Amino acid sequence: MKIDVTTSWAFDVNKELFNGMTVVDLCDPARIFIGKQWATGWVLVDTALREPGPFKRLLTAQKSRSRESSQSTAEIAYEWVKRDSPPAMYDYNDTCLARVVASKCHTDHAIPKLVHFVNFRRRELPFYSFVSIVSAFRVVQPCLILFHADYLPYGNHWELLVQMVPEVIHVLRKAPNSIFGRPVHVVEHQSDVARLEAMSKFGGIYSDFDYVLLNPLDDLLHHNVVMGMESGRFGNGFYMGQPGATFFKYWYDSYHTFNDGDWAGHSCAVPYEIFKKHPNLVHVVNTFHEPNWSIIHTDFYTKPFNWTKVYGIHLYSKLFSGILNRKLETLKSSVGEITRYTLFGNSQACLNKTH
């Protein structure tokens, strides 16, 4: 059941009104309430909270007093209308996909607002990845979001995401196991190859599943390619470019010498060496990966960090999974702040639930 919300209002409701309606507690997006769990009470639409970030319809719903307690508890909730079908799916080489991208993402800028994610593991979508994807949707306002994957993620966070974020397309492809005859078996390197191929073909904005975008990119869209510095070389966890960029061609051709045993050689060091030979091909920024992986623990996870001055934060989930598997939206820390800012448009929201 949908409730049309246009102004701030309050009205009496009964159990029947909530039957079949699904709502989500925004202070804990993993918690999903079915309508029958809500008892007689009243609903207030709070206009101050109606549209923080991507959320379109917010309700402040108050549960009625239970037999066990004389206190009523308020929850911030989002009306979740079940999507009737999964995201559209196209094979990576399907000409229909190219036509859809061309139709949806035509732009006067060099770089289209087309966002790419790559995943070659069948896995439940973790909460930090949910935050990452929502941040791209909220900040970029993309024409499309392409998930290049053999399998889409699953789980509560994924189910919630596809209700909230429109224009998601599953680009079906298998992980590349070789390039120019050289073996590629490390899954991170398979992702490196796939993302570079996608960016060369379609252009746009590539993001890792643990990158949280915080500030608009509009001032960068006129460049051919935009890369960020990371520990003295380029980082490829987040970058931008136009389709068919010459720099992408040089970078891809460099894989003739690829070594699967070299962790970041062709993903980070080699493109930086190409840039030094052809500096006119890339616009370099210092705030894609700041703080970088070597100092983020001391400069971000354990003390306040002024994240308002950077384009985004790479969370480096491979190094900090212990922290990132906690309830991020409740943490009194920089990672808690950017989570709340992404989900609610307010870094101080839900502080009464923080730890």
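Residues numbered from 1 in each chain as written. Predicted model: local features only at pLDDT ≥ 70, side-chain atom pairs only at ≥ 80, totals over all residues. Heavy atoms only, no water.

**Student:** Pulling in residues and values, what's your account of the overall build of the protein chain?
**Tutor:** When helices and strands are counted, the protein chain shows ten helices and 18 strands. Looking at the protein chain as a whole, 54% of its 355 residues qualify as buried. Contacts in the protein chain between residues at least 24 apart in sequence constitute 70% of all its contacts with a sequence separation of at least 6. Taken as a whole, the protein chain presents about 16300 Å² of accessible surface, with 50% of it coming from carbon and sulfur. (Helix = DSSP H or I, 4+ residues; strand = E, 2+ residues; numbered from the N terminus. Buried < 20%, exposed > 50% of the residue type's maximum accessible area, 1.4 Å probe, protein only. Contact = heavy atoms within 4.5 Å. Areas by Shrake-Rupley, 256 points an atom, 1.4 Å probe, with all protein chains shown as cover.)

**Student:** Account for the packing of helix α5 (residues 187–202) against helix α6 (residues 246–253), naming residues and giving values.
**Tutor:** Two elements in contact, α5 and α6, have axes separated by 10 Å at closest approach and are oriented at 150°. The orientation of α5 relative to α6 falls into the category roughly antiparallel. Crossing handedness for the pair α5 and α6: left-handed. Contacts between α5 and α6 involve V193, L196, E197, M199 and S200 from the former and F248, W251 and Y252 from the latter. For the contact of α5 with α6, the residue count by class is six nonpolar, one polar and one charged. (Axes fitted to C-alpha atoms, helices over the stretch in contact; angles between N-to-C directions. Parallel < 35°, antiparallel > 145°, perpendicular 65-115°, else oblique. Left-handed = near helix turned anticlockwise from the far one by under 90°. Nonpolar A, V, L, I, M, F, W, Y, C, P; charged D, E, K, R; others polar.)

**Student:** Account for the side chain of H266, with residues named and values stated.
**Tutor:** In this structure, H266 sits in helix α7 (residues 265–277). Engagement of the side chain of H266 in a polar contact is seen with the side chain of T257, the distance being 3.1 Å. Look past the residues within four positions of H266 in its chain and what remains in contact with it is W251, S254, Y255, T257, F258, N259 and P271. (Polar contact = N/O pair within 3.5 Å; in protein donor to acceptor, adjacent residues only side chain to side chain.)

**Student:** Kindly report on the nonpolar core, identifying the contributing residues and their values.
**Tutor:** One finds F130, F147, L217, M240, F288 and L315 to be the most contacted residues of the largest nonpolar core, which totals 56 residues. Listing elements by their share of this core, those giving two or more residues are β8 (114–119), α3 (127–140), β9 (144–149), α4 (156–164), β14 (211–213), β16 (233–241), α8 (296–301) and α10 (334–344). Broken down by element, this core gets its largest block of residues, ten residues, from α3. V184, V187, A245 and F248 belong to the second largest nonpolar core, which has 26 residues in total. (Core = buried A, V, L, I, M, F, W, Y, C linked by side-chain atoms within 4.5 Å.)

**Student:** Tell me about the pairing of strand β15 (residues 225–230), and please be specific about residues and values.
**Tutor:** Across the six residues of β15, six count as buried, placing the element largely inside the fold. Burial along β15 is two-sided: the residues V225, M227 and M229 and V226, G228 and E230 are all buried. With five bridges connecting them, β15 and β16 associate as antiparallel partners. Directly across from G228, in β16, lies its bridge partner G235. (Pairing = 2+ DSSP bridges.)

**Student:** Which residues make up α6, and what are the values?
**Tutor:** Taken together, the buried positions of α6 are F247, F248 and W251. All buried residues of α6 fall inside an arc of 100° around its axis, so they share one side. Those residues of α6 hidden inside the fold are in contact with α5, β15, β16 and α7. (Arc of directions from axis to C-beta.)

**Student:** Please give an account of α3 that cites residues and values.
**Tutor:** For α3, which comprises 14 residues, the first-to-last C-alpha distance of 20 Å matches the rise-based estimate of 20 Å (1.5 Å per residue) to within 8%. Across the 14 residues of α3, 13 count as buried, placing the element largely inside the fold. Q141 sits one or two residues past α3 and shows a positive phi near 55°. (Expected span 1.5 Å × (residues − 1).)

**Student:** Give me the pattern of salt bridges: which residues, what numbers.
**Tutor:** Applying the stated criterion across every chain, the model contains nine salt bridges. Here D253 makes a salt bridge to K249, at a shortest N to O gap of 3.1 Å. Here D253 and its partner K249 are both found in helix α6, four residues apart, which amounts to about one turn of the helix. It is possible to trace a salt-bridge network through shared partners that takes in R121, E188 and K318. (Salt bridge = Lys/Arg side-chain N within 4 Å of Asp/Glu carboxyl O.)

**Student:** Can you lay out unusual backbone geometry for me, pointing to particular residues and giving the numbers?
**Tutor:** Cis geometry marks the peptide bond from E290 to P291, where omega comes out at 0°. Position of P291 relative to the elements: it lies in the loop between β17 (283–285) and α8. Unlike most non-glycine residues, S231 shows phi in positive territory, near 55°. Following the sequence through the fold, S231 ends up in the loop between β15 and β16.

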